[in-house]
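# Survey of secondary and tertiary structure
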Amino acid sequence: TLIEPAIFTPETSCECRAPHEKLTVEQARLGTPVDRPVRIYADGIFDLFHSGHARALMQAKNLFPNAYLIVGVCSDELTHKFKGFTVMAEEERYEALRHCRYVDEVLRDAPWTLTQEFLEKHKIDFVAHDDIPYSSAGSEDVYKHIKEAGMFVPTKRTEGISTSDLITRIVRDYDVYARRNLQRGYTAKELNVSYINEKKYRLQNQVDKMKEKVRTVEEKSKHFVYRVEEKSHDLIQKWEEKSREFIGNFLELFGPDGTWKQMFQDRSGRMIQALSPRGSPSNSPPREFSPSRSPSPPSRWAMPRTSPPSSPKGASASISSMSEGDEDEK
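Rules used throughout
- Residues numbered from 1 in each chain as written.
- Predicted model: local features only at pLDDT ≥ 70, side-chain atom pairs only at ≥ 80, totals over all residues.
- Heavy atoms only, no water.
- Helix = DSSP H or I, 4+ residues; strand = E, 2+ residues; numbered from the N terminus.
- Buried < 20%, exposed > 50% of the residue type's maximum accessible area, 1.4 Å probe, protein only.
- Contact = heavy atoms within 4.5 Å.
- Areas by Shrake-Rupley, 256 points an atom, 1.4 Å probe, with all protein chains shown as cover.
- Core = buried A, V, L, I, M, F, W, Y, C linked by side-chain atoms within 4.5 Å.
- Phe/Tyr/Trp six-rings, centres within 6.5 Å; stacked < 30°, edge-to-face > 60°.
- Lys NZ or Arg CZ within 6 Å of the ring centre and 35° of its normal.
- Arc of directions from axis to C-beta.
- Pairing = 2+ DSSP bridges.
- Axes fitted to C-alpha atoms, helices over the stretch in contact; angles between N-to-C directions.
- 1 Å grid on protein atoms, 1.4 Å probe; cavity = no way out; pocket = protein on both sides within 12 Å on 5 of 7 lines; lining within 4 Å.
- Points joined across faces, edges and corners; volume = space filled by probe spheres on them.
- Domains from an automatic or database assignment.
- pLDDT = per-residue confidence, 0-100.
- Salt bridge = Lys/Arg side-chain N within 4 Å of Asp/Glu carboxyl O.

So, on to the overall build of the chain. Scanning the chain from N- to C-terminus turns up twelve helices and six strands. Buried residues in the chain amount to 27% of all 330 residues. Taking contacts inside the chain between residues at least 6 apart in sequence as the whole, the part at least 24 apart equals 69%. Carbon and sulfur atoms make up 56% of the accessible area of the chain, which amounts to about 25400 Å² in all.

Written as C-alpha cells, this is what we have:
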C-alpha cells in the first residue's frame, strides 16, 4: 500500500475468500487469522482531502491488529443533493483517497445511508466514524441502526481542520486569491470576476508590486547603511589604534625621560666641551726673553700717568705746568 495506490472495489461483490462470520469487538481486538482480516468500512465526502481526513482513516486502520480498511466515497450527485456543492469532482476525490497510505480499498459511488444488504454484500464487520450524531436525509443520526447493531467503532475528529474551515478561509480571503490568480494568468471570466473588480484587483496588484520594490530598496539601503557603519566603526577603531601608537611613540621620544632629551643632553655636553679653552699644561717651561733683542728704551714722549683732576681748576693748572716744562726742555 505504500508503493501502489489502493485498488477500487469491484462493483459485483466482495472477493473475500474466507466465510464471513460476524465478529464482536472483543474478538476483533484479540486478533483474527491472516486470511480473515477485520473488514472496516469508513465513508464520507472527503472534499479537499486534508490531514483531518487522514488522521480519521489512520485511527480506523489501527482499531484492530489485523484490519482491512474500505473507504466509501459518495458521488457528486448524492453530495450535491444532500449536503451541497463540492470543490473537487468525484473522480478527483476518488484518486485522493487511493493515495492515502491507510486505505486498502476505495468504493466509488458509496450509498448515503448504509443498509443491511450493502453491509452483507461487502462483508463489512464494523463501520468507523466519529461519534457525533450525523443528521442528514431526514434522519437525526444516519448511523443509529449501525450503533444499535453493535457494528459501530468511533474515531476522534481533529480539531481546527475541516473542509468547511478551508472553504471559509477561501471565502474570507477571496480578494487575495482572486488577485493572485489574475496575476498568474487566469481570466476574469474563469474567476467569475466582474470588469470593475478585475480592474480594481489589477490596480491593487500594481500597488503591491510598487510596495515590494520600495521594501526591497529599503532592505538594500539598510544593508548598505549597516555596511557603512561597520566600515566606519573599523576605521575609527584603526584610527584610535594608530593615534595611541603615535602618542606612545611621541611620549617615548619627547617625554621627560625620552630619547630626544638624552640625545640633546649628550650633544650639548659635546658642544660645550668643544667650545671651552684648553688650559696650559703644568710642566711647560717658563717664558724667557731672547738675548739678541734688548728691551726697548722708554720713549721720551711717554707721559707720566697722573690721576685725573678732580676739578676744572686743577685741570688748568696741570696744563700750565706741562707748558712750562716744555719751555725748559727747549
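What follows is about the nonpolar core. With 24 residues, the main nonpolar core has Ile40, Leu57, Phe64, Val71, Leu97 and Val103 as its most contacted residues. Listing elements by their share of this core, those giving two or more residues are helix H1 (25-30), strand S2 (38-44), helix H2 (51-61), strand S3 (67-73), helix H4 (90-98) and strand S5 (126-130). Among the elements that line this core, the one with the most residues is S3, at four residues. The contacts of phenylalanine 64, once residues within four sequence positions are left out, are Val25, Ala28, Arg29, Val38, Ile40, Phe126 and Val153.

Right, let's get into the packing of aromatic side chains. Under the defined criterion, the tally for this structure stands at five aromatic pairs. Taking NZ or CZ as reference, arginine 108 lies 4.1 Å from the ring centre of phenylalanine 8, over its face. Sitting over the ring of phenylalanine 152, lysine 147 keeps its end group 5.0 Å from the ring centre.

A separate point is helix H8 (residues 174-183). Of all the residues in H8, the buried ones are Ala178, Arg179, Asn181 and Leu182. Angularly, the buried residues of H8 cover 165° about the axis, an arc narrow enough to put them on a single face. Note on H8: the residue one or two positions beyond its end, glycine 185, has a positive phi of about 115°.

With parallel pairing, six strands are arranged side by side in an open sheet as S1-S4-S3-S2-S5-S6. With one partner strand each, in any of the chains shown, strand S1 (7-8) and strand S6 (152-155) form the two edges of the open sheet. Pairing of S1 with strand S4 (residues 105-107), which is carried by two bridges, proceeds in the parallel orientation. Across the sheet, the residue bridging to phenylalanine 8 is valine 106, located in S4. Strands S2, S3, S5 and S6 of the sheet are contacted by H2, whose axis makes an angle of about 145° with S3. Packed on one face of the sheet, H4 meets S1, S3 and S4 and runs near 165° to S3.

Now for the layout of surface pockets. Reported here for the largest pocket is a volume of approximately 840 Å³. Lining the largest pocket are 35 residues, with Ile45, His53, Lys83, His129 and Arg157 sitting closest to its centre. If you list the elements that add at least two residues to the lining of the largest pocket, you get S2, H2, S5 and helix H7 (163-172). By residue number, the principal contributor to the lining of the largest pocket is H2, which donates five residues. Residue contributions to the lining of the largest pocket reach at least three from each of two domains, namely domain 1 (7-155) and domain 2 (163-260).

This next bit is on the confidence of the model for the chain. For any part of a model where pLDDT is low, the fine detail of the predicted coordinates should not be relied upon. Here the chain averages 79 in pLDDT, and 73% of its residues register 70 or above. Across residues 298-313, where pLDDT falls below 50, the model places three contacts with residues more than four positions away in sequence or in other chains. Ignoring residues within four places in sequence, the model shows residues 322-330, a span with pLDDT below 50, making one contact including any to other chains.

This part covers the pattern of salt bridges. One pass over the structure, following the stated rule, counts twelve salt bridges. The partner of arginine 98 in a salt bridge is glutamate 95, and the shortest N-O contact between them spans 3.3 Å. With arginine 98 and glutamate 95 both in helix H4 and three residues apart, this pair spans about one turn of that helix. We classify arginine 98 as buried; its relative accessible area is 19%. Here the salt bridges do not stand alone but share partners, grouping Asp131, Asp141 and Lys147 into one network.

Here the phi dihedral of leucine 48 falls at roughly 50°; this positive angle occurs in a residue that is not glycine. Tracing the backbone shows leucine 48 in the loop between S2 and H2. Positioned with a positive phi, aspartate 109 is a non-glycine residue whose angle comes to about 50°.

Next up on the list: the side chain of arginine 179. Mapped onto the fold, arginine 179 is located in helix H8. Excluding anything up to four places from it in sequence, arginine 179 contacts Tyr201, Gln204, Asn205 and Asp208.

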